[in-house]
Amino acid sequence: MSSTDDALPGLHDDMSALAPGHVWLAGAGPGDPGLLTLYAYAALRSADVIVHDALVDKRVLALAGAQAKLEFAGKRGGRPSATQADISKRLIELAKAGLRVLRLKGGDPCVFGRGGEEAIALAAAGVPFRIIPGVTAGLAAPAAALIPLTMREVNRAVIFAAGHGAEDDAYDWGPLARAGAPIVLYMVLHNLDRIAAALMRAGRAPKTPAAIIAGATTLNQRVLISTLERVAQDARDQAFEPPAVVVVGEIVGLRNRLMGAAKEETQL
């Protein structure tokens with residue numbers, strides 16, 4: 001038994017076991033298996049079926065128990081994908097068959113992950129469920145890139161927003177720009193030109209620092225540091241691809257200070 005398995009008996013009794021006929025909606029974190037919660041790990045080990053999306057790292061899925069069947073149910077841009085209604089229906093079917101069901105999503109299930117919609121469907125069908133939070137990419141990606149999301153002398157708020165659907169010109173980015181807080185953007189690369197332009201029209205300075213973190217905490221992590229006026233073009237020039245998080249704000253400028261400290265630490 002691993003040291004992680006040794007820690008499982010210390011979990012809350014009511015939360016430590018995934019029961020037959022129940023569904024756990026759990027976050028797998030951004031990629032690194034070390035960022036899994038113990039509850040998510042316990043569910044991986046005990047589930048009969050793991051219904052996962054494309055953002056769940058293969059190293060996380062490798063932790064599944066030998067009895068677990070893996071079912072892919074993710075959204076794949078531009079390719080045939082299961083609808084959200086179909087995914088919810090499948091969760092209900094599996095649970096009503098008496099199976100232990102883990103719905104595993106990259107990041108956190110309810111931060112731009114549509115976990116709330118699945119929870120509503122399960123509740124309407126009378127299926128017992130729990131929501132197990134995960135480390136969302138909007139927190140993990142900046143941390144992995146040495147960008148602290150809050151510093152007392154810099155900001156007192158952080159804005160999380162999704163770029164998916166931003167092609168709709170009716171969306172008003174002005175209030176987010178005028179708030180002055182760092183903005184963390186998910187699912188944004190295909191709309192980054194449009195969003196950056198909207199933020200600048202609303203008052204964000206073109207030279208505002210911006211960062212892209214792609215594949216955060218995975219073996220393929222890449223970091224790009226730019227400015228709001230250049231970030232979309234720089235992303236194209238350097239062939240950045242999803243999944244990626246974009247951070248816009250003065251807080252990005254602290255990375256250089258922390259990079260220097262990190263280099264000094266490795267030399268000690």
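Above this note sits the structure.
**Quick look at the packing of aromatic side chains**
Here is step 1 of the chain: Scanning all chains against the criterion turns up three aromatic pairs.
Here is step 2 of the chain: Between Y171 and W173, the aromatic rings sit 4.8 Å apart at their centres with planes inclined by 65 degrees, giving edge-to-face as the arrangement.
Here is step 3 of the chain: Above the plane of the ring of F240 lies R222, whose end atom (NZ or CZ) is 4.0 Å from the centre.

**Considerations on the sheet that holds strand β8 (residues 209-214)**
Here is step 1 of the chain: What the five strands build is an open sheet, ordered β6-β7-β10-β8-β9; its pairing is mixed. Unpaired on one side and paired on the other, β6 (159-162) and β9 (222-227) mark the two borders of the sheet. Neighbour-to-neighbour, the strand axes of this sheet turn through a mean angle of 20 degrees, independent of strand direction.
Here is step 2 of the chain: Bridge count between β8 and strand β10 (residues 244-248): five bridges; the pairing is antiparallel. Bridge assignment links I212 to a residue of β10, and that residue is V246.

**Thoughts on a nonpolar patch on the surface**
Here is step 1 of the chain: Where nonpolar side chains cluster on the molecular surface, the patch consists of V111, F112, L139, F160 and M187 and spans about 410 Å² of accessible area.
Here is step 2 of the chain: You can see F112 is positioned in the loop between β4 (101-105) and α5 (115-124).
Here is step 3 of the chain: Judged by its relative accessible area of 40%, F112 falls in the partly exposed class.

**What to know about the nonpolar core**
Here is step 1 of the chain: The biggest cluster of nonpolar side chains holds 27 residues, and the ones touching the most others in it are W173, L185, L192, L199, I212 and V246.
Here is step 2 of the chain: Secondary structure elements with two or more residues in this core: β6, α7 (174-178), β7 (183-186), α8 (192-201), β8, α9 (231-237) and β10.
Here is step 3 of the chain: Counting residues per element, this core draws most heavily on α8, which supplies five residues.
Here is step 4 of the chain: Apart from residues lying up to four places away in sequence, L192 is in contact with I212, V231, A232 and V246.
Here is step 5 of the chain: Formed by 18 residues, the second largest nonpolar core is a distinct cluster that contains V60, A64, A68 and L102.

**Side note on unusual backbone geometry**
Trans is the common state for peptide bonds, and a negative phi is the common state for residues other than glycine.
Here is step 1 of the chain: Between P242 and the following residue, P243, the backbone shows a cis peptide bond with an omega angle of 0 degrees.
Here is step 2 of the chain: In this fold, P243 is placed in the loop between α9 and β10.
Here is step 3 of the chain: Not every positive phi belongs to a glycine, and F112 is a case in point at roughly 55 degrees.

**Overview of the sheet that holds strand β3 (residues 69-72)**
Here is step 1 of the chain: In spatial order, the strands read β3-β2-β4-β1-β5; together these five strands make up an open sheet with parallel pairing. The sheet is open, and its two borders are formed by β3 and β5 (129-132), each paired with just one other strand. Neighbour-to-neighbour, the strand axes of the sheet open up by a mean angle of 20 degrees, direction not taken into account.
Here is step 2 of the chain: Where helix α2 (residues 38-46) meets the sheet, it contacts β1 (23-27), β2 (49-52), β4 and β5, and its direction lies at approximately 130 degrees from that of β1.
Here is step 3 of the chain: Taken strand by strand, helix α4 (residues 84-96) contacts β1, β2, β3 and β4, and its axis lies near 155 degrees from that of β4.

**Observations concerning the pairing of β1**
Here is step 1 of the chain: Of all five residues making up β1, five are buried, and the element is well covered by its neighbours.
Here is step 2 of the chain: Of the strand pairs in this sheet, β1 and β4 are connected by five bridges, and their pairing is parallel. Paired with W24 across the bridge in β4 is L102.
Here is step 3 of the chain: Where β1 meets β5, four bridges bridge the pair, whose relative direction is parallel. Across the sheet, the residue bridging to L25 is I131, located in β5.

**With respect to the pattern of salt bridges**
Here is step 1 of the chain: Applying the stated criterion to the full structure yields twelve salt bridges.
Here is step 2 of the chain: Note that E118 is salt-bridged to R103, the shortest N-O span being 3.1 Å. Within this pair, whereas E118 is found in helix α5, its partner R103 is found in strand β4, the two being separated by 15 residues in sequence.
Here is step 3 of the chain: What makes R103 buried here is its relative accessible area of 2%.
Here is step 4 of the chain: A salt bridge links R230 to D234; its shortest N-O distance comes to 2.7 Å.
Here is step 5 of the chain: Here the salt bridges do not stand alone but share partners, grouping K69, E71, R90 and E93 into one network.

Thresholds applied
Residues numbered from 1 in each chain as written. Predicted model: local features only at pLDDT ≥ 70, side-chain atom pairs only at ≥ 80, totals over all residues. Heavy atoms only, no water. Phe/Tyr/Trp six-rings, centres within 6.5 Å; stacked < 30°, edge-to-face > 60°. Lys NZ or Arg CZ within 6 Å of the ring centre and 35° of its normal. Pairing = 2+ DSSP bridges. Helix = DSSP H or I, 4+ residues; strand = E, 2+ residues; numbered from the N terminus. Axes fitted to C-alpha atoms, helices over the stretch in contact; angles between N-to-C directions. Patch = residues over 30% accessible without salt bridge, like charges linked within 9 Å, V, L, I, M, F, W, Y side chains within 5 Å. Areas by Shrake-Rupley, 256 points an atom, 1.4 Å probe, with all protein chains shown as cover. Salt bridge = Lys/Arg side-chain N within 4 Å of Asp/Glu carboxyl O. Buried < 20%, exposed > 50% of the residue type's maximum accessible area, 1.4 Å probe, protein only. Core = buried A, V, L, I, M, F, W, Y, C linked by side-chain atoms within 4.5 Å. Contact = heavy atoms within 4.5 Å.

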